[in-house]
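Given next are the chains, with one letter for each unit.
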Amino acid sequence: MPSTRLSPGPKLRYLVERARRIDVGSVIERAKEVHEQHGKAVPLVVADMLWSAARRDVAFQDYVDYDFAILSPEERATFMTHPVSAQLAARYAHPDHRLVFENKIEFNRRFDRFLRREWLVVEAGNADAVRAFVEKHGTIVAKVPVSHMGLGVHRYHAAEVDDWSAFHRGLLERDEILLEQLIVQHADLAAVCPGTVNTTRITAFNDKKDVHILAIAQKFGRGAVSDQMSFGGFYTMLDDAGRAIGAGYDSHGHVHEKHPDTGFPIADFQLPFMAEVRAFIDEVARVVPEVQYVGWDVVVSPDGPVLVEGNWGAGVYENKPSVTGIRTGHKPRYRSAIGF
């Protein structure tokens, strides 16, 4: 039986690359954040951050985000970190099948039946088709095929377009060549933030027999086209029943007991159609079995879940102890399902 232990190779490469690119000023700034939040001495935090990165696969931002300064070694060991997640992604995503998840057009083609919305690829010579698509839907989302963190995503309104030839030409020039119908989200999500389609990130592992849900994070936007932190968004973790375990937070030190724009108490949030969401993930995770470890972004519509995208580099969403009062993370679930 092949070993399920993570190879030291990726870790060593990560450490070498991290050492080569280390920004001492950035580390000190993060240490100052920790000092302001928890009163720990900056030099001691810097030393602890460096030791944790080298010996425990803890990214500097993970150390800040997950309040490692106030946790015991045993508690820290329960948290997933980005370096560990990156090693899992490299191991459990076959290189020949990653393109499906890296290119949004390829993803839409493969997962079309789960999108439950219309979409169109902008090409030379199809200005009339683009106009018909945008006028049919009124407002559409345009995406750059290869992008990250919500970048390269824009909303356009048919009523604001005066020159359709120029609009078509501009989409091509900006590489915004994937157009999609807007997703209509469930009223329970709109009650928190109506101006942004609020996605649920579900990290799952397909062991070729069963699909294991490892962590669920609910993201909320601030009215922009994306709910990513680069657009002012934040998140909260959900339990297995789809209930928020506490207030919202981001990687910039902001904590939101209530949504800043609507006043909705984040800890009161309950994701609707949770049973359907779990069944939905079980189905989509089997479409490309060669990519086993994926962070799936879904939106719950009035009729149930719809798929936004899948990320083979799943990233990490974790509990924040100082916000929730819960001093453990999700790593035991990852270990149980994946066996590393």
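Residues numbered from 1 in each chain as written. Predicted model: local features only at pLDDT ≥ 70, side-chain atom pairs only at ≥ 80, totals over all residues. Heavy atoms only, no water.

S.K.: Outline the packing of helix α2 (residues 24-38) against helix α3 (residues 42-56), supporting the account with residue identities and numerical values.
M.R.: Across the interface, α2 lies against α3 with an axial gap of 9 Å and an inter-helix angle of 120°. By the criterion of interaxial angle, the relationship of α2 to α3 is oblique. Along this stretch, α2 crosses α3, giving a crossing that reads as right-handed. Residues V27, I28, R30, A31, K32, V34 and H35 of α2 pack against V42, V45, V46 and M49 of α3. Looking at the contact of α2 with α3 residue by residue, the classes come out as eight nonpolar, one polar and two charged. (Axes fitted to C-alpha atoms, helices over the stretch in contact; angles between N-to-C directions. Helix = DSSP H or I, 4+ residues; strand = E, 2+ residues; numbered from the N terminus. Parallel < 35°, antiparallel > 145°, perpendicular 65-115°, else oblique. Left-handed = near helix turned anticlockwise from the far one by under 90°. Contact = heavy atoms within 4.5 Å. Nonpolar A, V, L, I, M, F, W, Y, C, P; charged D, E, K, R; others polar.)

S.K.: Tell me about the sheet that holds strand β1 (residues 119-121), residues and numbers included.
M.R.: Pairing in this open sheet of four strands is antiparallel, and the strands run β1-β4-β2-β3 from one edge to the other. Lying at the two open borders of the sheet, with one neighbouring strand each, are β1 and β3 (153-157). Along the sheet, successive strands turn relative to each other by an average axial angle of 25°, direction set aside. One ladder, built from three bridges, connects β1 with strand β4 (residues 178-181); its direction is antiparallel. Bridge pairing in β4 links V121 to L178. Running at roughly 25° to β4, helix α10 (residues 127-137) makes contact with β1, β2 (139-143) and β4 of the sheet. (Pairing = 2+ DSSP bridges.)

S.K.: Go over the environment of A337, please, and point to the residues and values.
M.R.: Along the chain, the position of A337 falls in helix α15 (residues 331-338). The buried category is assigned to A337, whose relative accessible area is 13%. Beyond its immediate chain neighbours, meaning those up to four positions away, A337 contacts F205, H212 and L214. (Buried < 20%, exposed > 50% of the residue type's maximum accessible area, 1.4 Å probe, protein only.)

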